[in-house]
Amino acid sequence: MVPTISSTAEYDGFRCNRGPHHSRKKTGGGTLIAVRRNLKAHAINDAAWSILEQLWLSVQLTNRKLFVCVIYLPPNRTYDKQLIDIHVQSLLTIIARAKPCDEIIIIGDFNLPNLLWRPSRNGFLYPDADHSIFHGCALDLLDGYNTANLQQINNNGNENGRCLDLCFVSTSATAPQLEYAPVPLVKLVPHHPALILTIANRDSVKYSEPTVRTRYNFRRADYEGLLSALHDVDWADSLNASDIDPAVNVFTSIINGLIDRFVPKTQRRPRKNLPWQSAELRRLKTIKNAAFRRFSASHALPLRDHYRRINYDYKRLRRRCYLNYRRQMERRLSQTLNGFGMLSTNSESQLIFNEVLSTGQVLEAASNVTRFGHSSASINIDDNMILAASAKLKHSYSSGPDGIPATLLKKFPVTWKQAFLFPVHKKRRSVEDR
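So, a few notes on the structure that sits alongside this text. Please read these numbers as outputs of a predicted model, since none were measured by experiment.

Considering the overall build of the chain
At step 1: A tally of helices and strands in the chain yields 11 helices and 16 strands.
At step 2: Looking at the chain as a whole, 31% of its 434 residues qualify as buried.
At step 3: Long-range contacts, defined here as pairs at least 24 residues apart, represent 60% of the contacts in the chain between residues at least 6 apart.
At step 4: For the chain, the computed accessible surface area is about 28900 Å², with 54% contributed by carbon and sulfur atoms.

This is the structure:
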């Protein structure tokens, strides 16, 4: 390593220089990591790791830490079991300090040319047992990485087609991107091509309190002031539009403005538990959170495995409860829709209705449709019937497509409750086919 390489105005340099206990060579060697100054990083050292040419670094990202290790194993020491054991022990020390959301990257020159790697669909590489030559130290190294859930991702060979530089990362859904560097930052060495590893710095997921829904309290509304304001509105001038869409928008804005003015608001917090959460699911969630707290306090591998098992059971039960709840709601909705078909039991009305839908003559045939033994032409709807029907509305009823609540319809003038009804054919089976 060149002794003049150190921190600059943009980067902080962390180094592990080669010493006499590393190699007999007096020049070269050592490891270095340069980190931009906008990232918080510090080196992790231990006296027991002094015989290794490695450097551990902790980099603080947005919502997690990134533990990076750069290591160099000389060719004459790849069979040194003590060296491999100390490196694996340093990895276990980092795992004990890391949280479940943190990531680990180990990259360096391992000088294991007899290991061949087999690609997979998710981007990770696995040792090819049929074409690789394993020795005891290589197996110990791979076993240590496998215990820490690290997988190899570098399959970019050098000029001889060999992968001397390996990169092990924390296992996730897919492997991060690793490719040749188009513009190397240092002098290019044919045996060790320059690589670029891309790690996404995900945005932090901040906890937010449940949203408080604001509702109108129509029970305490000032209806006298509301009706007075409605009478003062010049509806002829406000709704004077050639197109129906602008008129509807103006009408809706006026009504909403008056509601916001004369009707007080109440805040209602949503319930904490979802409707499809069962008692067993809530109990398992409590156990899962407790297991996560115990693992975060000690960082022991058995506690981590216990938390993962509980988390797996929780996710499986949560999905099953949600699917059962959805099937139950679909069954209730289907029963409700089937109940509408029982309203018309007269075969004559069914035939006439099918004929109307097939010919499209809704207005001409509407007077001939009978329902419950009465002709639509003989049914008279007056103002008293509309007032009686609106009086039966409850305050808890949801508003219709126009956004006007049921409570306000009770106070509206009678002229606003008149409408023209036209039956519209839906894309579903006809009545006689069921």
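Focus on the nonpolar core
At step 1: Counting residues in each nonpolar core, the largest one holds 32 residues, and the members touching the most others are Trp56, Leu91, Ile104, Ile106, Phe110 and Phe168.
At step 2: When contributions to this core are tallied by element, the ones reaching two or more residues are strand S5 (65-72), helix H1 (81-97), strand S6 (103-109), helix H2 (136-147) and strand S10 (165-170).
At step 3: Residues within four places of Leu91 in sequence aside, it is in contact with Trp56, Ile104, Ile106, Gly144, Tyr145, Ala148 and Leu150.

Notes on the environment of Asn111
At step 1: By the secondary structure assignment, Asn111 is in the loop between S6 and strand S7 (117-119).
At step 2: Judged by its relative accessible area of 15%, Asn111 falls in the buried class.
At step 3: In this structure, the C-alpha to C-alpha distance between Asn111 and Leu164, residues 53 residues apart in sequence, is 5.1 Å.
At step 4: At 2.4 Å, the side chain of Asn111 forms a polar contact with the backbone oxygen of Leu73.

Quick look at the packing of H1 against H2
At step 1: For the pair H1 and H2, interaxial distance at closest approach is 10 Å and the crossing angle is 5°. With respect to H2, the element H1 is oriented roughly parallel. Taken together, the residues of H2 that come into contact with H1 (itself represented by Lys81, Ile84, His87, Val88 and Leu91) are Cys137, Asp140, Leu141, Gly144 and Tyr145.
At step 2: Taken together, the residues of the contact of H1 with H2 sort by class into 6 nonpolar, 2 polar and 2 charged.

Regarding helix H3 (residues 223-232)
At step 1: Within H3 the residues assigned to the buried category are Tyr223, Gly225, Leu226, Ala229 and Leu230. Take H3 and look down its axis: the buried residues cluster within an arc of 160°, on one side only. Exposed positions of H3 whose direction lies more than 90 degrees from the buried face are Glu224, His231 and Asp232.

Digging into a positive patch on the surface
At step 1: Taken together, the side chains of Arg319, Arg326, Arg327 and Arg331 present a region of like positive charge at the surface.
At step 2: Given a relative accessible area of 57%, Arg319 falls into the exposed group.

Side note on the packing of aromatic side chains
At step 1: Taken as a whole, this structure holds 5 aromatic pairs when the rule is applied.
At step 2: For the ring pair Phe110 and Tyr145, a centre distance of 6.4 Å and an interplane angle of 90° mean the geometry is edge-to-face. Of this pair, Phe110 sits in the loop between S6 and S7 while Tyr145 sits in helix H2; the two residues are 35 residues apart in sequence, bridging distant segments of the chain. Just as Phe110 is buried, Tyr145 falls in that class too.
At step 3: Ring centres of Trp117 and Phe168 lie 6.2 Å apart, and the angle between their planes is 75°; on these two criteria the pair is classed as edge-to-face. Of this pair, Trp117 sits in strand S7 while Phe168 sits in strand S10, and the two are 51 residues apart along the sequence.
At step 4: The side chain of Lys288 reaches across the aromatic face of Tyr314, ending 5.2 Å from its centre.

Some remarks on the pattern of salt bridges
In a structure, side chains of opposite charge can pair up when their charged atoms sit close to one another.
At step 1: Counting across every chain of the model gives 9 salt bridges.
At step 2: When the shortest N-O distance is used, the salt bridge between Arg77 and Asp80 registers 3.2 Å.
At step 3: Of the charged contacts in the structure, one is a salt bridge between Asp305 and Arg304, with a shortest N-O distance of 3.8 Å.
At step 4: In this structure Arg304 comes out as buried when scored by relative accessible area, which is 12%.

A short note on the packing of H3 against helix H5 (residues 244-262)
At step 1: As a packed pair, H3 and H5 sit with axes 10 Å apart at the nearest point and diverge in direction by 150°. With respect to each other, H3 and H5 are oriented roughly antiparallel. The way H3 lies across H5 gives a crossing that is right-handed. Across the interface between the two elements, Gly225, Leu226, Ala229 and Leu230 of H3 pack against Ile255, Leu258 and Phe262 of H5.
At step 2: Taken together, the residues of the contact of H3 with H5 break down into 6 nonpolar, 1 polar and no charged.

A word on the state of the cysteines
At step 1: Within this structure, the stated rule accounts for 0 disulfides.
At step 2: Free of any disulfide, Cys16 has its nearest neighbouring cysteine sulfur in Cys69, separated by 9.7 Å.

The rules behind each value
Residues numbered from 1 in each chain as written. Predicted model: local features only at pLDDT ≥ 70, side-chain atom pairs only at ≥ 80, totals over all residues. Heavy atoms only, no water. Helix = DSSP H or I, 4+ residues; strand = E, 2+ residues; numbered from the N terminus. Buried < 20%, exposed > 50% of the residue type's maximum accessible area, 1.4 Å probe, protein only. Contact = heavy atoms within 4.5 Å. Areas by Shrake-Rupley, 256 points an atom, 1.4 Å probe, with all protein chains shown as cover. Core = buried A, V, L, I, M, F, W, Y, C linked by side-chain atoms within 4.5 Å. Polar contact = N/O pair within 3.5 Å; in protein donor to acceptor, adjacent residues only side chain to side chain. Axes fitted to C-alpha atoms, helices over the stretch in contact; angles between N-to-C directions. Parallel < 35°, antiparallel > 145°, perpendicular 65-115°, else oblique. Nonpolar A, V, L, I, M, F, W, Y, C, P; charged D, E, K, R; others polar. Arc of directions from axis to C-beta. Patch = residues over 30% accessible without salt bridge, like charges linked within 9 Å, V, L, I, M, F, W, Y side chains within 5 Å. Salt bridge = Lys/Arg side-chain N within 4 Å of Asp/Glu carboxyl O. Lys, Arg positive; Asp, Glu negative; His and termini not counted. Charge placed at Lys NZ, Arg CZ, Asp CG, Glu CD. Phe/Tyr/Trp six-rings, centres within 6.5 Å; stacked < 30°, edge-to-face > 60°. Lys NZ or Arg CZ within 6 Å of the ring centre and 35° of its normal. Left-handed = near helix turned anticlockwise from the far one by under 90°. Disulfide = S-S within 2.5 Å.

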